[in-house]
Amino acid sequence: MGAGRSPSRQQAAALLLVAAVLCSTWKPTLQQPAASPVAATPATSSNTAATATQTTAAATPAAPPTTPAAATQTTAAATPAAPVPAKPAAKKNKQVELAPEADVQNDIDDIDVQGKCKEFLSSSVCKDVEAGEGGVANCISEAISAAEAGEEGAENVPDDCQEDVYQFMITRGKNINANIPLAKACKADAEKLCKNTWVFGPTAEGRIIACLREDKDKLSKACKAEVYKVQMAVATDYRADPEMAALCKADIEQYCKGVKDGGGRVTACLRSTRAQLKSECAEAVFRQELEADEDLRLNIVVYRKCLSDKKRFCPDVAPGSSRARDCLVSARHEDGFSPACRCVGCGSSAVRAASSSRNPWRG
């Protein structure tokens, strides 16, 4: 064949073989996409998973950790606390202008019926008594006195309930205006009889009440009835008389330590040690003894001893003016008169003689 002819088949085959070899070894280089301005460029080398994690963390700032406590504080700071309602002001009473204004206990002038006496009140004779102006406290006081006197069918008042009533009476005894029924009934009597109470001290607690007790014979009927309740409270627990409690504190600590409050026991202890008492305490005991000499019920210990004899020998004798005491004294040698009550009149003559000559509380 001539020089211008096409390549032979052998030459074509050789060219195809060279082309195949070249194609098997050549790889085109692909253009990589541009890196994102936010994300980091992925590693093209043999990086480990840990290296990739570190790179991502460095590129994206970590948010500050928020603990539950911090979240709670942030919420609390963002939401203002609801205002706490103000406690209503206690009710006040100032019926008697000569005495300071007083808070009304439990806003009703009575014990808290949902307090320490709740269980007793649920089944006692006092359960239907309306609370207010000492009604419930007086009812429980009568139950305490009946139990102390050993009266048949008397209810047992728990000690914590008794103390609740005593504390109520103690607070009342410090200011006539803390005892609403007493203030109402004795307002005019106080204005008339108790303008000059300097003998009890210019700011002495209970000075108006002490004045009314001293001049009981001059009081109106309504006032006298309320003053008797005060006297009974004092006869039961000396602490209801703030003057006596203050003047006899040291003597009680020395001679009557451990004697249970209530039931007239501390006063009876003081009487039994009268010779050793300081003069100011002895005078306070003397005043209470004068009241008890007039009304046997105000000597709780003696009344407890003599109740059965009073019912048997003096059933129709009205209390007051020493009538019950005189009746018992005249009957003490009768058959069946109890030995425990036989000395009911012991010392009463001396008390009367002293009171008729000079009452130290009258200055």
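Residues numbered from 1 in each chain as written. Predicted model: local features only at pLDDT ≥ 70, side-chain atom pairs only at ≥ 80, totals over all residues. Heavy atoms only, no water.

Student: Explain the overall build of the protein residue by residue, including any values.
Tutor: A tally of helices and strands in the protein yields 16 helices and two strands. Counting only residues that meet the buried cut, the protein has 37% of its 363 residues in that class. Residue pairs in contact within the protein that sit at least 24 positions apart in sequence constitute 60% of those at least 6 positions apart. For the protein, the exposed area adds up to about 22100 Å²; of that, 56% sits on carbon and sulfur atoms. (Helix = DSSP H or I, 4+ residues; strand = E, 2+ residues; numbered from the N terminus. Buried < 20%, exposed > 50% of the residue type's maximum accessible area, 1.4 Å probe, protein only. Contact = heavy atoms within 4.5 Å. Areas by Shrake-Rupley, 256 points an atom, 1.4 Å probe, with all protein chains shown as cover.)

Student: Go over the pattern of salt bridges, please, and point to the residues and values.
Tutor: Per the counting criterion, the structure on display carries 17 salt bridges. With a shortest N-O distance of 3.4 Å, Lys-229 and Glu-226 are connected by a salt bridge. With Lys-229 and Glu-226 both in helix α9 (residues 221-236) and three residues apart, this pair spans about one turn of that helix. Classification of Lys-229 as partly exposed rests on a relative accessible area of 40%. Note that Arg-239 is salt-bridged to Asp-237, the shortest N-O span being 2.6 Å. Here Arg-239 matches Asp-237 in class, with each residue buried. Where salt bridges share partners, they join Glu-163, Asp-237, Arg-239 and Asp-261 into one cluster. (Salt bridge = Lys/Arg side-chain N within 4 Å of Asp/Glu carboxyl O.)

Student: Outline the side chain of Asp-237, listing residues and values.
Tutor: Here Asp-237 lies in the loop between α9 and α10 (242-247). Residue contacts for Asp-237: discarding those within four places in its chain leaves Tyr-166, Asp-261 and Gly-262.

Student: Describe the state of the cysteines, listing the residues and the values that go with them.
Tutor: Evaluated as defined, the whole model comprises eight disulfides. Here Cys-186 pairs with Cys-223 through a disulfide, and the sulfurs are 2.0 Å apart. Around the S-S axis, the bridge from Cys-186 to Cys-223 shows a dihedral of about 105° and counts as right-handed. Separated by 37 residues along the polypeptide, Cys-186 in helix α7 (residues 180-193) and Cys-223 in helix α9 bring together distant segments of the chain. The same class applies to Cys-186 and to Cys-223, which are both buried. The disulfide that involves Cys-194 links it to Cys-211, with 2.1 Å between the sulfurs. Handedness of the Cys-194-Cys-211 disulfide follows from its S-S torsion of about -90°: it is left-handed. (Disulfide = S-S within 2.5 Å.)

Student: Got a sec to walk through the packing of aromatic side chains? Specific residues and values, please.
Tutor: Aromatic rings in a pair are described by how distant their centres are and how their planes are angled relative to each other. As enumerated under the stated definition, the model contains one aromatic pair in all. Ring geometry for Phe-313 and Phe-337: centres 5.5 Å apart, planes at 40°, overall tilted. Pair noted here: Phe-313 is in helix α14 (residues 300-313) and Phe-337 is in the loop between α15 (323-331) and α16 (348-357), with a separation of 24 residues, a long-range link. Judged by its relative accessible area of 23%, Phe-313 falls in the partly exposed class. Its relative accessible area of 3% is what places Phe-337 among the buried residues. (Phe/Tyr/Trp six-rings, centres within 6.5 Å; stacked < 30°, edge-to-face > 60°.)

Student: Break down the environment of Cys-139 for me, with residues and values.
Tutor: Note that Cys-139 resides in helix α5 (residues 135-148). On a C-alpha basis, the gap between Cys-139 and Val-125 in space is 8.2 Å, while along the polypeptide they are 14 residues apart. Those residues in contact with Cys-139, other than ones at most four positions away along the chain, are Val-125, Cys-126 and Val-129.

Student: Quick rundown of unusual backbone geometry? Include the residues and the values.
Tutor: One non-glycine residue, Asn-106, lies in the positive phi region at around 55°. Within the secondary structure layout, Asn-106 lies in the loop between β2 (102-103) and α4 (118-121). A residue is classified by how much of its surface remains accessible, and Asn-106, at 47% relative accessible area, is partly exposed. Its identity is not glycine, yet Asp-109 carries a phi of approximately 60°, on the positive side. Mapped onto the fold, Asp-109 is located in the loop between β2 and α4. On the basis of relative accessible area, Asp-109 is assigned to the buried category, the value being 0%.

Student: If you had to explain the packing of α14 against α15 to someone new, which residues and values would you point to?
Tutor: Here α14 crosses α15 at 85°, and the two axes come no closer than 10 Å. The angle between α14 and α15 places the two elements in the roughly perpendicular class. Taken together, the residues of α15 that come into contact with α14 (itself represented by Cys-306, Asp-309, Lys-310 and Phe-313) are Ala-324, Cys-327, Leu-328 and Ala-331. Broken down by class, the residue content of the contact of α14 with α15 amounts to six nonpolar, no polar and two charged. (Axes fitted to C-alpha atoms, helices over the stretch in contact; angles between N-to-C directions. Parallel < 35°, antiparallel > 145°, perpendicular 65-115°, else oblique. Nonpolar A, V, L, I, M, F, W, Y, C, P; charged D, E, K, R; others polar.)

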